[in-house]
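A closer look at the structure
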Amino acid sequence: MTEAPAQVAETHWNDVGIDYDKVLNTDASNVALLSAAVALLPADVKDLLDVGSGTGRLTKLCRDALPGARIVGVDPAPTMVQAAREKFAADPDVSFADGVVEDLSLFPDNSFDAVISSFALHHLELDVYATAAAELFRVLRPGGRFVNADQFCRVMGPVASQERALDILDLLTAKARHYLEHACFERMLLQVDLLPRFMREDGEILTTPEYWGDRLTEAGFEQVTIVSTPPAELYNRVVWAVKPAR
Ligand SMILES: C[S@@+](CC[C@H](N)C(=O)[O-])C[C@H]1O[C@@H](n2cnc3c(N)ncnc32)[C@H](O)[C@@H]1O
């Protein structure tokens, strides 16, 4: 059995306590965002990295879109990695490793044609973004693309500032209502259970999409682009960028 990395204790996703795939798949907006991200991958990708791959839901969509590609997922939660491994047990070109986006030392420079991620990178502390962006840049080949689908917010600032707290509260309330009306009761409950973490920035730290975009630009990425996906009240976005060709 692979030894768990030190970061595991820091992610609550190791003990999510629900049938993650079943509950998440009731949410059409989640599937739509993942599909929008996959649609932004170039068709000729041969080597793909999925960071924060979880149970492999996004990985599965990537595999369907890129049947000839070699795909690697990394995630710090052993229970999620195990579920992903079971899902792809019959596919020799899809593998999973314990790891975090801010330390991709498992992979040499210029290893991948593309890196993709969904609903994972808002777990990063703000002071880790620059390191994560540099790692993503390093493992991509020249001309390679990074595609990040995630939930975002509209206001940055100190955790207790009223403007920021109101923005997060409004977004999370809208999300919970949306999930109750359009997904299922358990999806709404997951959102409500996570509310204290979002409000305290305890492992769930929303940023503006521009915050990610700026870190990518600083790391050397070009063509940084922010794509909105419906419904508007969830404030989901795909942020993608390209490592310059030589
Ligand atoms: C909400 S799940 C999303 C999983 C999957 N991408 C999906 O869309 O279903 C978030 C995942 O991010 C992982 N994660 C947390 N911190 C991370 C980090 N620093 N680097 C990479 N993944 C991380 C968690 O372990 C968890 O599996």
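Residues numbered from 1 in each chain as written. Predicted model: local features only at pLDDT ≥ 70, side-chain atom pairs only at ≥ 80, totals over all residues.

Points about helix α3 (residues 57-65)
- Counting buried positions over the nine residues of α3 gives seven, a clear majority of the element.
- Turning to α3, its buried residues number three or more, namely Arg 57, Leu 58, Thr 59, Lys 60, Leu 61, Cys 62 and Arg 63. (Buried ≥ 20, exposed ≤ 12 C-beta atoms within 10 Å, placed from the backbone. Helix = DSSP H or I, 4+ residues; strand = E, 2+ residues; numbered from the N terminus.)

Here we look at the packing of helix α5 (residues 129-139) against helix α8 (residues 209-219)
- With their axes 9 Å apart at the nearest point, α5 and α8 run at an angle of 55 degrees to one another. Compared by their axis directions, α5 and α8 come out oblique. α5 and α8 meet at a crossing whose hand is right-handed. Between α5 and α8, the contacting residues are Tyr 129, Ala 130, Ala 133, Ala 134 and Phe 137 on the first element and Arg 215, Leu 216, Glu 218 and Ala 219 on the second.
- Partitioned by chemical class, the residues of the contact of α5 with α8 number seven nonpolar, no polar and two charged. (Axes fitted to C-alpha atoms, helices over the stretch in contact; angles between N-to-C directions. Parallel < 35°, antiparallel > 145°, perpendicular 65-115°, else oblique. Left-handed = near helix turned anticlockwise from the far one by under 90°. Contact = placed C-beta atoms within 7 Å. Nonpolar A, V, L, I, M, F, W, Y, C, P; charged D, E, K, R; others polar.)

Thoughts on unusual backbone geometry
- Residue Pro 230 is joined to Pro 231 through a cis peptide bond whose omega torsion reads 0 degrees.
- Relative to the helices and strands, Pro 231 is located in the loop between β6 (222-228) and β7 (236-242).
- In this structure, Glu 201 is a non-glycine residue whose phi angle is positive, near 60 degrees.
- Mapped onto the elements, Glu 201 comes out in the loop between α7 (185-200) and α8.
- Of note, the phi angle at Tyr 235 is positive, near 55 degrees, even though the residue is not glycine.
- Along the chain, Tyr 235 turns up in the loop between β6 and β7.

Regarding the nonpolar core
- Ranked by size, the top nonpolar core spans 54 residues in total, and within it Leu 48, Val 115, Ile 116, Leu 136, Phe 146 and Val 147 carry the most contacts.
- Of the residues forming this core, the biggest block, six residues, is contributed by α5.
- Contacts of Ile 116, omitting those with residues within four sequence positions, involve Ala 37, Leu 41, Leu 48, Asp 50, Leu 58, Cys 62 and Val 147.
- Listed in part, the five residues of the second largest apolar core include Ala 77, Met 80, Val 81 and Phe 96. (Core = buried A, V, L, I, M, F, W, Y, C linked by C-beta atoms within 7 Å.)

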